[in-house]
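Each chain is listed here by its residues.
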Amino acid sequence: MAETTNDSNGAAFYGTIAHSTSHTKLQVFDQALLVIDRNGRVALLDPEIPRAKVSSRLSELGLDHCSVTDLARGQFIIPGFVDTHNHAPQWMHRGSGQGMQILDWLEEIAFPNEAKFRDVEYARKVYSAVVNGMLRQGVTTASYYGSLHGEATRVLADVCFEKGQRALVGKCNMNRNSPEYYRDASAAQSLQVTRDCIAHIKGMDPDGQLVRPVLTPRFAISCEDQLLAGLGKLAAEYPDMAIQTHFNESEQENSTTLSIFESFSNEADLYDHFGLLTSRSILAHCTLMTPYEMDRVKELGCNIAHCPTANMTVGGGFMAAPIREFLERGVEVGLGTDSGGGYSSSMLNAMRHALITSFARDFIFAKEGGASLSLDQVFYLATLGGARVVGFGSEIGDFTMGKQFDALLIDMTSTRGGVNTPLEPDESSRSTIEKFIMTGDDRNITAVYIKGKAVSIKEL
């Protein structure tokens, strides 16, 4: 296999190709031709073409010398995974403090570890491991929370750009309700450091093709009114910039928030008041939604980052967000690992846990199937849904003609050395993909492509 697909001749794959174009249907094509042009964009997806006609079809496209990779039985191409909610400075303490209440976990586990990122060399070492680890697991796009440190956050953006990962990167804003050693000095200082990070990222990638800044108030508990208001003004100043925060994560978080902001009866009105609920907002968790808040999120066009792993292990109870209802209302939803609140950085685990939590919600609220998710839906959440949530939906997420080729080459054969469910001689392509989602791991992800370039290839 060539190491890049965006060479002078383009490239093509022939065999099983799968993607979602909506949350209702996973499309699987057995004899498909997927052509990538010289610029790393999808030039063609022909869902059914005999192998003998591939050369002539490429000739019609002016790609006579295009290399073709034939996918063997058990191999297939899917869009890259999009992690809509990841705490990059929590990489080193994933798995610590599971079962704790969220505010206690922050105080005892997260804040002491995030404070280490005042050391820029430490940040450079860890963030290199973060991006390598995410790429290894097929995460072609991630929305990252940085620490509160401006220099370390700029390093995170640099690492993403250098390694070719598509990313949103934000300096975490937090000037109260955290230890003195890990707190912005003031609202003004927090906002200035945020501006510096925005300028750095925009200077590095002016068009935001790969790395973009994102406004990142940790959550209202961590921000004084002046800071929230300042971030709202920044959101208005940069009308294309995404905004990410935690929203209705748990009972402890919600009750604490409303006890601090006594003039508000719900988080939707609180964040909206400060100009932080827009069509660019990425709201993590959303587990405890009132009917009013469901309506407001829909009306304002907000996006949801569903983090089922964290919702089952940190926060204070088994929390099952109403994802099926969001989807049926037309609210965009993507999956997030919430690593390290979520112990796993695997998007495959996030997909599995999204199924589990939806089944639990269906049982608890006696929905009789009305709250449960399908495998087709969780695949959508991990790919196109996530791309739409983080603002890259017009560029990536599926193999529509003209989109950039962010993709994974999956190999479910026994040669990979994993313990995924073996394939039967007559295994269908659909069944093979289901087995990957439910039993595969990073060993089955043999190549990762971003913008048509292979950023990770694993040899046996």
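Predicted model only: the values in this text are computed from it and were never measured. (Residues numbered from 1 in each chain as written. Predicted model: local features only at pLDDT ≥ 70, side-chain atom pairs only at ≥ 80, totals over all residues. Heavy atoms only, no water.)

## A look at the pattern of salt bridges
And step 1. All told, the structure shown has 22 salt bridges when counted by the stated rule.
And step 2. Where Glu395 meets Arg41, a salt bridge forms, and the shortest distance between an N and an O atom there is 3.0 Å. Residue Glu395 is located in the loop between α14 (384-389) and β15 (407-411), and its partner Arg41 is located in the loop between β2 (25-36) and β3 (42-46); the two are separated by 354 residues in the primary sequence.
And step 3. Residue Glu395 is classed as buried on the basis of its relative accessible area, which comes to 18%.
And step 4. With its nearest N and O atoms 2.8 Å apart, the salt bridge here joins Glu60 to Arg57. Here Glu60 pairs with Arg57, and both are found in helix α1 (residues 54-60), just three residues apart, close to one helical turn.
And step 5. The exposure class of Glu60 is exposed, given its relative accessible area of 58%. (Salt bridge = Lys/Arg side-chain N within 4 Å of Asp/Glu carboxyl O. Helix = DSSP H or I, 4+ residues; strand = E, 2+ residues; numbered from the N terminus. Buried < 20%, exposed > 50% of the residue type's maximum accessible area, 1.4 Å probe, protein only.)

## Digging into the packing of helix α2 (residues 102-114) against helix α7 (residues 251-260)
And step 1. At their nearest, the axes of α2 and α7 sit 7 Å apart, and the two run at 90 degrees to each other. Viewed along their axes, α2 and α7 adopt a mutual orientation that is roughly perpendicular. Touching Ile102, Leu103 and Asp104 of α2 are Gln252, Glu253 and Thr256, all from α7.
And step 2. Within the contact of α2 with α7, the residues separate by chemical class into two nonpolar, two polar and two charged. (Axes fitted to C-alpha atoms, helices over the stretch in contact; angles between N-to-C directions. Parallel < 35°, antiparallel > 145°, perpendicular 65-115°, else oblique. Contact = heavy atoms within 4.5 Å. Nonpolar A, V, L, I, M, F, W, Y, C, P; charged D, E, K, R; others polar.)

## Some remarks on the domain arrangement of the protein
And step 1. Its domain assignment divides the protein into domain 1 (11-79 + 399-454) and domain 2 (81-390).
And step 2. Once you take the C-alpha centre of each, domain 1 and domain 2 turn out to be 30 Å apart.
And step 3. On the domain 2 side, the residues contacting the 31 residues of domain 1 number 25 residues.
And step 4. Summed over both sides, the interface between domain 1 and domain 2 buries roughly 2400 Å², with carbon and sulfur atoms accounting for 63% of that surface.
And step 5. When residues of domain 1 are sorted by the area they lose upon contact with domain 2, His23, Ile437 and Ile450 head the list and together hold 29% of the total. (Domains from an automatic or database assignment. Buried area = accessible area lost by both parts, 1.4 Å probe.)

## Considering the side chain of Ser222
And step 1. Locating Ser222 in the fold gives a position in the loop between β10 (211-217) and α6 (225-237).
And step 2. With relative accessibility at 1%, the residue Ser222 sits in the buried group.
And step 3. If we ignore the near neighbours within four places in the chain, the residues touching Ser222 are Asn173, Met174, Asn175 and Arg176.

## Here we look at the pairing of strand β5 (residues 75-79)
And step 1. Judged by how many residues are buried, β5 sits mostly within the fold: five of five residues are covered.
And step 2. With two bridges joining them, strand β1 (residues 11-22) and β5 adopt parallel strand pairing. In the strand pairing of β5, Thr16 is matched with Phe76.
And step 3. In this sheet, β15 lies alongside β5 in antiparallel orientation, the contact comprising five bridges. Note that in β15 the partner of Phe76 across the bridge is Ile410. (Pairing = 2+ DSSP bridges.)

## Some words on the nonpolar core
And step 1. One finds Phe81, Tyr127, Tyr144, Phe326 and Phe436 to be the most contacted residues of the largest nonpolar core, which totals 108 residues.
And step 2. By residue number, the principal contributor to this core is helix α3 (residues 120-136), which donates eight residues. (Core = buried A, V, L, I, M, F, W, Y, C linked by side-chain atoms within 4.5 Å.)

## Notes on α7
And step 1. For α7, the complete set of buried residues consists of Gln252, Glu253, Asn254 and Thr257.
And step 2. Along its buried surface, α7 packs onto α2, β11 (242-247) and α8 (267-273).

## A closer look at the state of the cysteines
And step 1. Tallying each qualifying case throughout the model produces zero disulfides.
And step 2. In this structure Cys160 is not part of a disulfide, and its nearest cysteine sulfur, from Cys197, lies 13 Å away.
And step 3. Look at Cys160 and you get buried, because its relative accessible area is 0%. (Disulfide = S-S within 2.5 Å.)

## Concerning a nonpolar patch on the surface
And step 1. A surface patch of nonpolar side chains, amounting to about 390 Å² of accessible area, comprises Phe363, Ile364 and Phe365.
And step 2. Its location among the elements puts Phe365 in the loop between α12 (347-364) and α13 (375-382). (Patch = residues over 30% accessible without salt bridge, like charges linked within 9 Å, V, L, I, M, F, W, Y side chains within 5 Å. Areas by Shrake-Rupley, 256 points an atom, 1.4 Å probe, with all protein chains shown as cover.)

## A word on the packing of aromatic side chains
And step 1. By the definition in use, this model includes 10 aromatic pairs.
And step 2. Pairing Phe399 with Phe405 gives two aromatic rings, centres 5.9 Å apart and planes at 35 degrees, and the pair type is tilted. Residues Phe399 and Phe405 agree in their burial class; the two are buried.
And step 3. Each member of the aromatic cluster is reached from another via a ring pair, and the members are Phe13, Phe399, Phe405 and Tyr449.
And step 4. Its guanidinium or amino end placed over the ring of Trp91, Arg94 lies 3.8 Å from that ring's centre, counting from NZ or CZ. (Phe/Tyr/Trp six-rings, centres within 6.5 Å; stacked < 30°, edge-to-face > 60°. Lys NZ or Arg CZ within 6 Å of the ring centre and 35° of its normal.)

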